[in-house]
Amino acid sequence: MIDEKLEPVLAQVLRRNPGEAEFHQAVTEVLESLGPVVAKRPDYLDHALIERICEPERQVIFRVPWVDDRGDVQINRGFRVQFNSALGPYKGGLRFHPSVNIGIIKFLGFEQIFKNALTGLPIGGGKGGSDFDPKGRSDGEIMRFCQSYMTELHRHLGEYTDVPAGDIGVGGREIGYLFGQYKRLTNRYEAGVLTGKGLAYGGSRARTEATGYGAVYFVERMLGTRGTGFAGKRAVVSGSGNVAIYTIEKIEELGGKVIACSDSNGYIVDESGIDLDLVKEIKEVRRERISQYAARQSSARFVETGSIWDVPCDVAMPSATQNELTGKDARTLIANGVIAVGEGANMPSTPEAVRFFLEAGVLFGPGKAANAGGVATSALEMQQNASRDSWTFEQTERRLAEIMHGIHDTCAATAEEYGRPGDYVLGANVAGFVRVAEAMTALGVI
Ligand code: GLU
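Since the structure is predicted, the reported quantities are computational estimates derived from the model, not experimental observations.

The rules behind the values
- Residues numbered from 1 in each chain as written.
- Predicted model: local features only at pLDDT ≥ 70, side-chain atom pairs only at ≥ 80, totals over all residues.
- Heavy atoms only, no water.
- Helix = DSSP H or I, 4+ residues; strand = E, 2+ residues; numbered from the N terminus.
- Contact = heavy atoms within 4.5 Å.
- Areas by Shrake-Rupley, 256 points an atom, 1.4 Å probe, with all protein chains shown as cover.
- Lys, Arg positive; Asp, Glu negative; His and termini not counted.
- Charge placed at Lys NZ, Arg CZ, Asp CG, Glu CD.
- Pairing = 2+ DSSP bridges.
- Axes fitted to C-alpha atoms, helices over the stretch in contact; angles between N-to-C directions.
- Near = heavy atom within 4 Å.
- Polar contact = N/O pair within 3.5 Å; in protein donor to acceptor, adjacent residues only side chain to side chain.
- Nonpolar A, V, L, I, M, F, W, Y, C, P; charged D, E, K, R; others polar.
- Phe/Tyr/Trp six-rings, centres within 6.5 Å; stacked < 30°, edge-to-face > 60°.
- Buried < 20%, exposed > 50% of the residue type's maximum accessible area, 1.4 Å probe, protein only.
- Lys NZ or Arg CZ within 6 Å of the ring centre and 35° of its normal.
- Salt bridge = Lys/Arg side-chain N within 4 Å of Asp/Glu carboxyl O.
- Parallel < 35°, antiparallel > 145°, perpendicular 65-115°, else oblique.
- Left-handed = near helix turned anticlockwise from the far one by under 90°.

A.B. asks: Hey, could you go over the overall build of the protein for me, with residue numbers and the actual values?
C.D. replies: Helix and strand content of the protein: 17 helices and 12 strands. When its C-alpha atoms are laid out on the principal axes, the protein stretches across 60 × 55 × 45 Å. Counting only contacts in the protein whose residues sit at least 6 apart along the sequence, the fraction spanning at least 24 positions is 71%. Within the structure as shown, the protein displays about 17500 Å² of accessible surface, and the carbon and sulfur contribution to it stands at 49%. Taking the 49 positively charged and 57 negatively charged side chains of the protein as two groups, their mean positions are separated by 4 Å.

A.B. asks: Can you break down the sheet that holds strand S4 (residues 125-130) residue by residue, with the values?
C.D. replies: Hydrogen bonds between backbone atoms are what pair the strands of a sheet, whose relative direction is either parallel or antiparallel. The 5 strands are arranged S1-S2-S4-S3-S5 in an open sheet whose pairing can be described as mixed. Pairing within the sheet leaves two strands with one partner each, and these edge strands are strand S1 (58-67) and strand S5 (162-166). The average angle at which neighbouring strand axes cross in this sheet is 20°, direction not considered. Alignment of strand S3 (residues 90-96) against S4, held across 3 bridges, turns out to be parallel. Bridge pairing links Leu-94 to Gly-128 in S4.

A.B. asks: Which residues make up the site of the ligand, and what values go with them?
C.D. replies: As a matter of local geometry, the ligand sits amid 14 residues, with Lys-91, Lys-115, Gly-166, Asp-167 and Ser-378 nearest to it. Arg-207 has a polar side-chain atom sitting 2.9 Å from an oxygen atom of the ligand. One of the side-chain nitrogen or oxygen atoms of Ser-378 is found 2.6 Å away from an oxygen atom of the ligand. Coverage of the ligand by the protein chains reaches 94% of its 300 Å² of free accessible surface. For the shell around the ligand, the class distribution of residues is 2 nonpolar, 7 polar and 5 charged.

A.B. asks: Go over the environment of Gly-444, please, and point to the residues and values.
C.D. replies: Take Gly-444: it is sitting in the segment after helix H17 (424-443). Along the backbone, Gly-444 and Val-100 are 344 residues apart, and their C-alpha atoms lie at a distance of 34 Å.

A.B. asks: Can you break down the packing of aromatic side chains residue by residue, with the values?
C.D. replies: All told, the structure shown has 18 aromatic pairs when counted by the stated rule. Relative to Phe-132, the ring of Trp-66 has its centre 5.3 Å away and its plane inclined at 85°; by these criteria the two rings are edge-to-face. In this pair, Trp-66 is assigned in strand S1 and Phe-132 in the loop between S4 and helix H6 (139-153), connecting sequence segments 66 residues apart. For Trp-66, a relative accessible area of 4% translates into the label buried. On the basis of relative accessible area, Phe-132 is assigned to the buried category, the value being 2%. An aromatic cluster is defined as three or more aromatic residues linked by ring pairs; in this entry it consists of Phe-62, Trp-66, Phe-96, Phe-132, Phe-145 and Tyr-149. The ring of Tyr-44 is capped by Arg-41, whose NZ or CZ atom sits 4.4 Å from the centre of that ring. Sitting over the ring of Tyr-213, Lys-250 keeps its end group 4.4 Å from the ring centre.

A.B. asks: Please set out helix H10 (residues 276-285) residue by residue, giving values where relevant.
C.D. replies: Here H10 has its buried residues at Leu-276, Leu-278, Val-279, Lys-280, Ile-282 and Lys-283. Those residues of H10 that are buried lie in contact with helix H9 (242-253), strand S7 (257-263) and helix H11 (291-296). Where H10 ends, the next residue or the one after it, Arg-287, has phi of about 55°, a positive value.

A.B. asks: With reference to specific residues and values, describe the pattern of salt bridges.
C.D. replies: Counted by the stated rule, this structure contains 31 salt bridges. Among the salt bridges present, the one from Arg-234 reaches Glu-271, with a minimum N-O distance of 2.9 Å. One end of the pair, Arg-234, is in strand S6 (residues 234-237); the other, Glu-271, is in the loop between strand S8 (266-270) and H10, and 37 residues separate them in sequence. Of the residues examined, Glu-271 reaches a relative accessible area of 41% and is grouped as partly exposed. Its salt-bridge partner being Asp-263, residue Lys-283 comes within 3.6 Å of it at the nearest N-O pair. Of the two residues, Lys-283 sits in helix H10 while Asp-263 sits in strand S7, which places them 20 residues apart along the sequence. Each member of the pair, Lys-283 together with Asp-263, is buried. The network of salt bridges with shared partners includes Glu-281, Arg-286, Glu-288 and Arg-296.

A.B. asks: Account for the packing of helix H8 (residues 207-224) against H9, with residues named and values stated.
C.D. replies: Contact geometry for H8 and H9: axes closest at 7 Å, N-to-C directions at 50°. The angle between H8 and H9 falls in the class oblique. The way H8 lies across H9 gives a crossing that is right-handed. Residue-level inspection shows Thr-208, Glu-209, Thr-211, Gly-212, Tyr-213, Val-216 and Tyr-217 of H8 in contact with H9, the latter providing Asn-242, Val-243, Tyr-246, Thr-247, Glu-249, Lys-250, Ile-251 and Glu-253. For the contact of H8 with H9, the class distribution of residues is 6 nonpolar, 5 polar and 4 charged.

A.B. asks: Quick rundown of the side chain of His-408? Include the residues and the values.
C.D. replies: Relative to the helices and strands, His-408 is located in helix H16 (residues 393-417). For His-408, a relative accessible area of 3% puts it in the buried group. Side chain to side chain, His-408 and Tyr-424 meet in a polar contact 2.8 Å long. In this structure, His-408 is in contact with Phe-218, Arg-221, Met-222, Thr-225 and Tyr-424, ignoring residues within four places of it in sequence.

A.B. asks: Residues and numbers for the sheet that holds strand S9 (residues 300-303), please.
C.D. replies: What the 7 strands build is an open sheet, ordered S9-S8-S7-S6-S10-S11-S12; its pairing is mixed. Each edge of the sheet is formed by a strand with only one pairing partner; in this case those strands are S9 and strand S12 (363-365). Put simply, the sheet's adjacent strands are angled 15° from each other on average, direction ignored. Both S6 and S7 contribute to a ladder of 3 bridges, which runs parallel. Bridge pairing in S7 places Arg-234 opposite Lys-257.

Any functional reading would require information beyond the geometric quantities listed.
If you want it as structure tokens, here you go:
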């Protein structure tokens, strides 16, 4: 339910951004949380503050021409949405996936504003990407695409302006090509303009692991409020990309057992516990499909139909993509006795699924809080670049753990303050919003 004072704000967003379903969904969820805030602080309704938060500061859409290995010219569409810079330079990843459109980039950019605010670090919110499909493309094609993409994007970036990183389809390899082209075009070794860089040229230790590790720290802290932890728990982690891999690694380190993971073709179940080295080899080295896991591990089976959430577990960590966990899946998980759900991906649970989890008293960590470890460590990478320093793995991971515990505690305390103890959705939306709103108020109408 949305507060009547916020109804016109939402109506305007829906009218002004027709057809952008994911963006509508993300804005609706945040505005639904803000009722108790504007009741307490009606001044947040002044100066069109909330309307301004819902309108990106700048949106860039551009053509990305490139030549494939056959010599044919290919055209993709590039995006960068610079959503909010009240707290710092725009910060957020780039997604290369055929599903990408402006509505998806706006939903991700909008979420990023509040996520980044929750880290407590000086970063604004943005997101970008392309409808380019990296699947099956050679290394040379990936490089030429990245170079063409950066040829347009570089004029909009800068360590004090906008600092992209990776997301789906953009990892260490792509960031390297993007950074190389930025350096060439600008004639500047501006390390802080991109994060997720390799260790050979200004990257941060623990950045690769950060989103997954951070999500597990968040869930461990949630479980702690019920006097328990990962030890001895059965977990299901959807996806098998960067977030999923390091989520599995940390759960196994904490004594939990991950029994299933997936990709867009299906999921694998391995009751003896996922062999992570095998997953890493398949996904990171060979860049193959997860079905290969079952082909090479006799204790595992590959399931092509149905949902990974049919696999009974204590902890579920959706770490693939938006709206991958439906209301029906949530009902199944609840019936199977799930205790905690931590979102490693951005908005992986549908609004109906979130509602079911909250109603059932399941510990539910929303993405903008639970998966903030990646971007938080990006901000730590920016700190290291700015001071021309490089921290140890242990030091960086310790900062990450502190930040994740801080985010958890802030969300929990905020939910409590607004009369909804245990509601991390409300806690995250409100705590993130308040930090942005305070800065925007101080900066005047801009
Ligand atoms: N794409 C990641 C996210 O969704 C990381 C962004 C970053 O490090 O800037 O938060």
